[in-house]
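If you want the building blocks of each chain, they are given just below.
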Amino acid sequence: MAITSYPFDEQVVSEGEFSYLFRELQSTGVADSVGGAAFAVYADSSGMQVKVPPGFGLIRGHAVQSTNTEIIQVAAASASVRTDRIVLRLDPAANTITITVLQGTPGGGPPAMVQSDTGLYDFPLARVTVGVGAATISASAVTDERRFTGNQVGGWTTSTRPASPRIGRLGFNTATKAWEFWNGTTWGDLAPTVTWSAISGRPAEFSAAAHTHEWADVTNKPTAYRPSAHTHDWADLTNTPTAYPPAAHSHDWNAITGKPTSFAPAAHAHTWASITGKPTSFPPNAHSHGQYLESGDTIAWANGSKKPHANAASGSGTWYAVWVEADGTFCRNTSSARFKENIRDYAVDADAVLALRPVSYDRKTQVDDRGTVREGRKDEVGLIAEEVEPHLPWLVNYLDGEVDGLRYDLLGVALIPVLQRQEAKINALVDRLAALETSA
């Protein structure tokens, strides 16, 4: 009979017919996501053996399923390096698909597989390199050779595409991130990126067709136009100068007359370290110190002295907290509304204030330009500006784009919402207590 059709009710369908049917529906391969563990051969140096995890696959239209990890023995090492192959062998005569070791030739490449259309068919799982004198198989000796059916999530990679698929087989290549198809000879990109250089028959240049542009549509046009090259008679020029300064030129030093025999140095500066022959110590000039003035203190105070607030300062009037501007200028801290505008409420997050962490710390040792070492103060108490910045950035001072200091004078303002919230809670508790006493 030239035409055969199947399967139908009460019809005998052969193994070969089912094989032809299913291989047209699905390619030979492991039914798993790319990189999955199904039939992924591995070794763990536990002996001359490899292990094959459970999995499901289709071999030339026949299904194979393993539910346990199988331990497969590998032949003893040879006198030369040997490459064996672990395969799933389809044997239609025996009605089996088994995990089989194809032993390679010492010093040769991987052994050939049998892949007939109706008889034995070997589906590769992995290559195993057996070193000279090896007593165990290590993980690095196993190379994955599985191919995938392509129907699972993930598609396939360049090295794990279905083998010998039907023309037009479509799948997603996870390695190239592109959809590809089998054209009967090779895998082609379903939507290739076309570059100008890849286009055949393209013209070298394009001639513009006759057209016009509105002046308003022209971009980057000049606002004025320089005149084209031309000449004028000298007599036609107006406002010509009566004399001309000399053009740039030079003179030999010896040709200059009346030059001075020496030159006073221009204003300049030297670093302390570059000065040679400097004394090791300096006798003090006549001077005086205010109370608590420290040696080496170079701060220029607004009134020429260094007075603590608690000394017997003379004079009357109002005392101010002093601010120092970035250029060293002193100014008093004012709070009157007459110095301000755009006054509005500012919400301070009480929880942000409560998140601040008081710390104690030691100042780092400093070395000045003269090489004098000044040990930093110990056991100071305060806040760390970098820790305050995420909570209350308006308290932070910056210098040259970096966190530098804190506006401690504004901490009192930040504490107001904390106290207001506490006061509200206290008043609420008082009202509740009064209500309870009344009800009692």
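What you see is a predicted model; the values in this text were computed from it and never measured.

Draft legend 1. Structural detail: the overall build of the chain. For the chain, the helix and strand inventory stands at 4 helices and 20 strands. The long-range fraction of contacts in the chain, counting pairs at least 24 apart against all pairs at least 6 apart in sequence, stands at 46%. Total accessible area computed for the chain in this model is approximately 32,700 Å², and 55% of it derives from carbon and sulfur atoms.

Draft legend 2. Representation of the sheet that holds strand β3 (residues 55-59). Taken together, 3 strands build an open sheet; the order of strands is β1-β3-β4 and the sheet is antiparallel. Each edge of the open sheet is held by one strand with a lone partner, namely β1 (29-30) and β4 (62-66). Sheet topology note: the β1/β3 ladder contains 2 bridges and is antiparallel. By the bridge assignment, Gly29 is partnered in β3 with Leu58.

Draft legend 3. Broad picture of the nonpolar core. By size, the foremost hydrophobic cluster in this structure holds 26 residues, and its most contacted members are Val41, Val50, Ile59, Leu88, Leu125 and Ile137. In terms of residue count, strand β8 (residues 121-130) provides more of this core than any other element does, 6 residues in total. Ignoring sequence-local partners within four residues, the contact set of Val41 consists of Val50, Lys51, Val52, Pro53, Ile86, Leu125, Ala126 and Val142. If you look at the next biggest cluster of nonpolar residues, it comprises 14 residues, including Val348, Ala350, Leu356 and Val396.

Draft legend 4. Up close: the sheet that holds strand β7 (residues 96-102). Taking strand neighbours across the sheet as the criterion, the 4 strands line up as β7-β6-β8-β9 in an open arrangement whose pairing is antiparallel. Edge strands, defined here as strands with exactly one partner in the open sheet, are β7 and β9 (142-144). Adjacent strand axes in the sheet meet at a mean angle of 20° when their direction is disregarded. Relative to β9, β8 runs antiparallel, the two sharing 3 bridges. Among the inter-strand pairings, Arg127 is bridged to a residue of β9, identified as Thr143.

Draft legend 5. Molecular detail of the pairing of strand β10 (residues 170-173). Side chains Gly171 and Asn173 of β10 all project onto a buried face; the interleaved residues Leu170 and Phe172 project onto a face where none is buried. In this structure, β10 lies alongside strand β11 (residues 178-182), joined through 4 bridges in antiparallel fashion. Of the residues in β11, the one forming a bridge with Gly171 is Glu180. What sits between the antiparallel neighbours β10 and β11 is a turn of 4 residues, in which Lys177 has the positive phi angle 55°.

Draft legend 6. Broad picture of the pairing of strand β6 (residues 82-91). Among the 10 residues that make up β6, 8 are buried, leaving the element largely enclosed by the rest of the structure. Linking β6 back to β7 in an antiparallel pair, the connection comprises 4 residues, with Asn95 at a positive phi of about 55°.

Draft legend 7. Local environment of helix α1 (residues 15-25). Looking only at α1, the buried set comprises Glu17, Ser19 and Arg23. Along the axis of α1, the buried residues cluster in a sector spanning 160°; they form a single face. Where α1 is buried, its residues meet β4.

Draft legend 8. Structural context of helix α4 (residues 411-439). Between its terminal C-alpha atoms α4 stretches 43 Å, which fits the 42 Å expected from 29 residues at 1.5 Å a residue. When we look at burial in α4, the residues that qualify are Ala414, Pro417 and Val418. Looking at the buried positions of α4, the neighbouring elements they touch are α2 (350-354).

Criteria and cut-off values
- Along each chain, the written sequence defines residue order, and numbers are assigned to residues from 1.
- In view of the model being predicted, local features appear only for residues whose pLDDT reaches at least 70, and side-chain atom pairs are presented and counted only at 80 or more, with totals across whole chains, interfaces and linings using the full set of residues.
- Side-chain descriptors were evaluated using all non-hydrogen atoms of the structure, hydrogens and water having been removed beforehand.
- Helix and strand labels come from DSSP, where a helix needs a run of H or I of at least four residues and a strand needs a run of E of at least two; each type is numbered from the N terminus.
- Two residues form a contact once any of their heavy atoms are found within 4.5 Å.
- Surface accessibility in these figures is a Shrake-Rupley result with a 1.4 Å probe; residues are shielded only by whichever protein chains are displayed.
- For two strands to count as paired, DSSP must find a minimum of two bridges between them.
- The term nonpolar core refers to a set of buried residues drawn from Ala, Val, Leu, Ile, Met, Phe, Trp, Tyr and Cys, joined through side-chain atoms within 4.5 Å.
- Exposure is judged per residue with a 1.4 Å probe applied to protein chains only, and the accessible area is read against the type maximum: over 50% gives exposed, under 20% gives buried, and values in between give partly exposed.
- Axis definition: a line fitted to C-alpha atoms, limited for helices to the stretch in contact. Angles are taken between N-to-C directions and run from 0 to 180 degrees.
- Directions drawn from the helix axis to the C-beta atoms are what define this arc.
- To estimate the expected span of a helix, count its residues, drop one, and scale the result by 1.5 Å.

Note that all results are geometric; they support no functional claim without further evidence.
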